[in-house]
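Close look at the chain arrangement
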Amino acid sequence: MATFKMWRHSKYIRSCKYIIRGCIIITIVCVIIELLFINTLILFSLMQVKHLINDFSSSHLSIIATLARYNSFRHIVAQGKDEGFKYLIDNTIARIYMEHESENCGKTISRLGFDVSSAGEFLFILEQMQRQKAEPWKKLVVEIGANDGLLSSNSYNFIQMGWSAILVEPQRDQLDLAKKNHDGLTNQHQDQSVHYVHAVISDHDGQEKLHVSADLFSMQSRIVSEEEQDSNYVEVPSYSVKTFVSKYKVPKHFGVLSIDVEGMEDKIIRQWVEHGFRPIYIILEFVHRTHESQVAITDLLIEKGYTLFGIKGFNFIYEYDTNLIDKDDN
């Protein structure tokens, strides 16, 4: 009987050893697999980061344009345009504030801002505006080619500051997104007004045939020429600058005019200056224009009292000489 008990005890001990040994082996194998997986992931990530850094160092494009080469980033942006970025901002940056003392009313609260423009155009212009001794212009931003009103927008931050705005966008879906992205921003002041215009600005009134890209990242559109009438297109209202400024009561001198119209910049800007309008800052995106076209537009604006104030990404920024405003009014 004692021998049998010893045998059972010995068998139990051997079984425990096998189980413990098996657990140790399984644990070691899992750790090895996990380490291999993690190391592989880390190496892959480092290679991607290295490749990304090389792209940035060798590219003369903006950060957004460089990242746009990656399909994963384009997919994220496409999802973000559909209210994703708005939700993110509302629940992160929009909840941050700074408290400071004010001479008139004790403590006041200031929000923390974030420049959403493509290459920092907003802060670039705002800093220059703050150096001005006076502001003899209406706080209005007109953005022709407004897209979704948020991503790479030259109007969003100004609207956030309480400026009035007129956003022109031929793609109905993008204009609807702009309205959603501006929810809560467009009624901050009694004299603030924001108009959303579904149209194109061209050299005539009527209708234009517009080809819309299926690329959800860029959502670029362009006017279809007579030779391309077999292309997929939509018809949208077309306003000349003369009709547009009359319809929306645009003042002669206002803060910012931003134009991104895929190759129609020269025709549009000529109308603005020829009709006597002098926005203090003009932002022109030159992507599909030749160097000769850039020079011609720059020469025209210099003749009308502007200087080429700076270049941010694809955008040329022109500043009007405010000393000429009194002469303009006479």
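Being a predicted model, the structure only gives us computed values, none of them experimental.

Let us look at the overall build of the protein chain. The helix and strand inventory of the protein chain stands at 10 helices and 13 strands. When each of the 330 residues of the protein chain is scored for burial, the buried share is 38%. Intrachain contacts of the protein chain at a sequence separation of at least 6 include 68% that bridge at least 24 residues. About 19700 Å² of surface is accessible on the protein chain, with carbon and sulfur atoms providing 56% of the total.

Attention shifts here to helix H9 (residues 291-303). Between the first and last C-alpha of H9 there are 18 Å, a value that for 13 residues agrees with the 18 Å anticipated at 1.5 Å per step. On the buried face of H9, the contacting elements are helix H8 (265-274), strand S11 (281-285), strand S12 (306-312) and strand S13 (315-320). After H9 finishes, the residue Gly305 shows a positive phi value of roughly 105°.

What follows concerns the side chain of Gln192. Mapped onto the fold, Gln192 is located in the loop between helix H6 (172-181) and strand S5 (194-197). Using a relative accessible area of 7% as the deciding quantity, one classes Gln192 as buried. Reaching out from Gln192, the side chain makes a polar contact with the backbone oxygen of Leu185 at a distance of 3.5 Å. Contacts of Gln192, omitting those with residues within four sequence positions, involve Ile159, Gly162, Trp163, Ser164, Leu185, Thr186 and Asn187.

On to helix H4 (residues 121-130), then. All of the buried residues in H4 are Glu121, Phe122, Ile125, Leu126, Gln128 and Met129. Seen end-on, H4 carries its buried residues on one side only, within an arc spanning 165°. Here the buried face of H4 lies against helix H5 (156-160), strand S10 (254-259), S11, S12 and S13.

The pairing of strands in a sheet comes from backbone hydrogen bonds and takes either a parallel or an antiparallel form. With mixed pairing, 7 strands are arranged side by side in an open sheet as S5-S4-S3-S10-S11-S13-S12. Either end of the sheet is taken by a strand with one partner, and the two such strands are S5 and S12. Within this sheet the neighbouring strands show an average axis-to-axis angle of 15°, counted without direction. The pairing of S12 with S13 spans 6 bridges and is antiparallel. Looking across to S13, one finds that Leu308 is bridged to Tyr318. The sheet strands contacting H6 are strand S4 (164-168) and S5, and the helix crosses S5 at an angle near 165°. Set on the sheet, H9 makes contact with S11, S12 and S13; between it and S13 the angle comes to about 10°.

Let us now look at a nonpolar patch on the surface. Nonpolar side chains collect at one region of the surface, where Ile20, Ile24, Ile28, Ile32 and Leu36 lie side by side and expose about 470 Å² of accessible area between them. Within the secondary structure, Ile20 is located in helix H1 (residues 2-58).

Before going further, it helps to examine the packing of H8 against H9. Where H8 contacts H9, the axes come no closer than 11 Å and their chain directions differ by 5°. With respect to H9, the axis of H8 lies roughly parallel. On H9, the residues that touch Glu265, Asp266, Ile269, Arg270 and Val273 of H8 are Ser293, Ala296, Ile297, Leu300 and Leu301. Among the residues forming the contact of H8 with H9, the class breakdown is 6 nonpolar, 1 polar and 3 charged.

How each quantity is defined
- Residues numbered from 1 in each chain as written.
- Predicted model: local features only at pLDDT ≥ 70, side-chain atom pairs only at ≥ 80, totals over all residues.
- Heavy atoms only, no water.
- Helix = DSSP H or I, 4+ residues; strand = E, 2+ residues; numbered from the N terminus.
- Buried < 20%, exposed > 50% of the residue type's maximum accessible area, 1.4 Å probe, protein only.
- Contact = heavy atoms within 4.5 Å.
- Areas by Shrake-Rupley, 256 points an atom, 1.4 Å probe, with all protein chains shown as cover.
- Expected span 1.5 Å × (residues − 1).
- Polar contact = N/O pair within 3.5 Å; in protein donor to acceptor, adjacent residues only side chain to side chain.
- Arc of directions from axis to C-beta.
- Pairing = 2+ DSSP bridges.
- Axes fitted to C-alpha atoms, helices over the stretch in contact; angles between N-to-C directions.
- Patch = residues over 30% accessible without salt bridge, like charges linked within 9 Å, V, L, I, M, F, W, Y side chains within 5 Å.
- Salt bridge = Lys/Arg side-chain N within 4 Å of Asp/Glu carboxyl O.
- Parallel < 35°, antiparallel > 145°, perpendicular 65-115°, else oblique.
- Nonpolar A, V, L, I, M, F, W, Y, C, P; charged D, E, K, R; others polar.

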